[in-house]
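# Secondary and tertiary structure notes
The residues making up each chain are set out below.
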Amino acid sequence: MEPGIREIAQHYLPLRNHYWYARIKLATDPLYAGVGAVLARTREPLLDLGCGIGLLGHTLRAQGFSGDYRGVDIDAAKIASARAAATRARLPGARFETIDLAGGFPAHRGSVALLDIVQFLPPPAQAVLLENAIACLTPGAVLVMRSGLHREGWRLSFTRAVDRFARWTRWMNVGPQRYPRRDELEQRFARHGLTASFTPLRGRLPFENWLICARHEPGG
Ligand SMILES: C[S@@+](CC[C@H](N)C(=O)[O-])C[C@H]1O[C@@H](n2cnc3c(N)ncnc32)[C@H](O)[C@@H]1O
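Now for a quick tour of the structure. Worth saying up front: this structure is predicted, and the values here are computed from it rather than measured.

Cut-offs and rules
Residues numbered from 1 in each chain as written. Predicted model: local features only at pLDDT ≥ 70, side-chain atom pairs only at ≥ 80, totals over all residues. Heavy atoms only, no water. Helix = DSSP H or I, 4+ residues; strand = E, 2+ residues; numbered from the N terminus. Rg over C-alpha atoms; globule rule 2.2 N^0.38 Å. Contact = heavy atoms within 4.5 Å. Areas by Shrake-Rupley, 256 points an atom, 1.4 Å probe, with all protein chains shown as cover. Lys, Arg positive; Asp, Glu negative; His and termini not counted. Charge placed at Lys NZ, Arg CZ, Asp CG, Glu CD. Pairing = 2+ DSSP bridges. Axes fitted to C-alpha atoms, helices over the stretch in contact; angles between N-to-C directions. Left-handed = near helix turned anticlockwise from the far one by under 90°. Nonpolar A, V, L, I, M, F, W, Y, C, P; charged D, E, K, R; others polar. Buried < 20%, exposed > 50% of the residue type's maximum accessible area, 1.4 Å probe, protein only. Salt bridge = Lys/Arg side-chain N within 4 Å of Asp/Glu carboxyl O. Polar contact = N/O pair within 3.5 Å; in protein donor to acceptor, adjacent residues only side chain to side chain. Near = heavy atom within 4 Å.

Broken down by element type, the protein carries 8 helices and 7 strands. For a compact globule of 220 residues, the expected C-alpha radius of gyration is about 17 Å, and the protein comes in at 16 Å, within 12% of that figure. Its C-alpha atoms put the protein at 45 × 40 × 35 Å along the principal axes. Contacts in the protein between residues at least 24 apart in sequence constitute 69% of all its contacts with a sequence separation of at least 6. Carbon and sulfur atoms provide 54% of the accessible area of the protein, an area that totals close to 10,600 Å². Here the protein contributes 29 positive and 19 negative side-chain charges, whose respective centroids are spaced 4 Å apart.

Right, dumping it as structure tokens:
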């Protein structure tokens, strides 16, 4: 991936915690390469919901994604850091806003990313968020999600424990609420005529994590 991990991380300086978060996250999490592969052949503008410090914008550019990128997050400090890093990196077509997705949704037409965020919203807000995200999809656009899925087993316990740890360290300002169920997601996508795929995306740690892609069939 060009630019490399260290170069992307350096755009977060002088915030050393964000610098090290970026280095460790990019080195260990297959998320960004996975999402980059999904979006590689698309050019629709991307709305990244719960974008955190905006790492996806950097990695997508490095992988050749040329559509506009807009990141939103409830955490104003992360949005400020994302904005500063994108300016330092001279990321074209990138912008960021502070928004609480439990109470609002930005106007958008194109692709949508929901990466490790759905479980942090209360269940009724999760349903509204998914409906709003699906309504954004234009022909050729993709809804790309990563989430733990609710099913019994120690992998989900591990995922929940890490999400709670992130809250305890204050990296997250909310804790996990409920992980979506695969059958509920499949039914929701089917109601909207979307074709969906579910692929495990765990990396080296035993997360109960899935990469979920949904899109309208060409001509559908
Ligand atoms: C685990 S982080 C994932 C960050 C980013 N998507 C990534 O994968 O690199 C979850 C993000 O969701 C954001 N978030 C949680 N609840 C939110 C809400 N109600 N509205 C907007 N963002 C929210 C958090 O602030 C946090 O940055």
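Picking up where we left off.
What the 7 strands build is an open sheet, ordered 3-2-1-4-5-7-6; its pairing is mixed. Sheet topology places strand 3 (94–98) and strand 6 (194–200) at the edges, where each strand pairs with a single neighbour. For this sheet, the mean angle separating the axes of adjacent strands, direction not counted, is 20 degrees. Two elements, strand 1 (residues 46–49) and strand 4 (residues 111–115), share 4 bridges in a ladder whose sense is parallel. Residue pairing across strands places Leu46 opposite Ser111, the latter belonging to strand 4. Strands in contact with helix 4 (residues 55–62) are strand 1, strand 2 (69–73) and strand 4; relative to strand 2, the strand with the most contacts, it is inclined by about 160 degrees.

To continue, consider the side chain of Thr138. Summarising the element assignment, Thr138 is placed in the loop between helix 6 (123–135) and strand 5 (143–148). If sequence neighbours within four positions are ignored, Thr138 has contacts with Glu44, Arg109 and Gly110.

Moving on: the packing of helix 6 against helix 8 (residues 182–191). Where helix 6 contacts helix 8, the two axes come as close as 11 Å, and the packing angle between them is 35 degrees. Two packed elements cross with a definite hand, and for helix 6 against helix 8 that hand is right-handed. The segment helix 6 lies against helix 8, with Ala127, Leu130, Glu131 and Ile134 engaging Leu185, Arg188 and Phe189. Of the residues belonging to the contact of helix 6 with helix 8, the class tally is 5 nonpolar, no polar and 2 charged.

Turning next to the side chain of Arg61. Along the chain, Arg61 falls in helix 4. For the buried Arg61, no salt bridge is present, and the opposite-charge side chain at shortest range is Asp68, 5.1 Å distant. Within the local environment of Arg61, its side chain forms a polar contact with the backbone oxygen of Phe65, the two atoms lying 2.9 Å apart. Engagement of the side chain of Arg61 in a polar contact is seen with the backbone oxygen of Gly67, the distance being 2.9 Å. Setting aside chain neighbours within four positions, we find Arg61 in contact with Ser66, Gly67, Asp68, Tyr69, Leu91, Pro92 and Gly93.

To continue, consider unusual backbone geometry. Most peptide bonds are trans, and most residues other than glycine sit at a negative phi. Here Leu13 and Pro14 are connected by a cis peptide whose omega angle stands at 15 degrees. Within the secondary structure, Pro14 sits in the loop between helix 1 (5–10) and helix 2 (16–28). A positive phi angle, close to 55 degrees, is found at Asp116, a residue other than glycine. The residue Asp116 is located in the loop between strand 4 and helix 6 in this model.

The subject of this paragraph is the site of the ligand. Around the ligand sit 20 residues, and of these Tyr32, Gly50, Asp73, Leu101 and Leu115 come closest. The contact in question runs from a nitrogen atom of the ligand to an N or O atom on the backbone of Gly50, over 2.7 Å. Separating an oxygen atom of the ligand from a side-chain N or O atom of Asp73 is a distance of 2.6 Å. Across the complex, the protein chains shield 93% of the 600 Å² of accessible surface that the ligand would expose by itself. Taken together, the residues of the shell around the ligand sort by class into 13 nonpolar, 2 polar and 5 charged.

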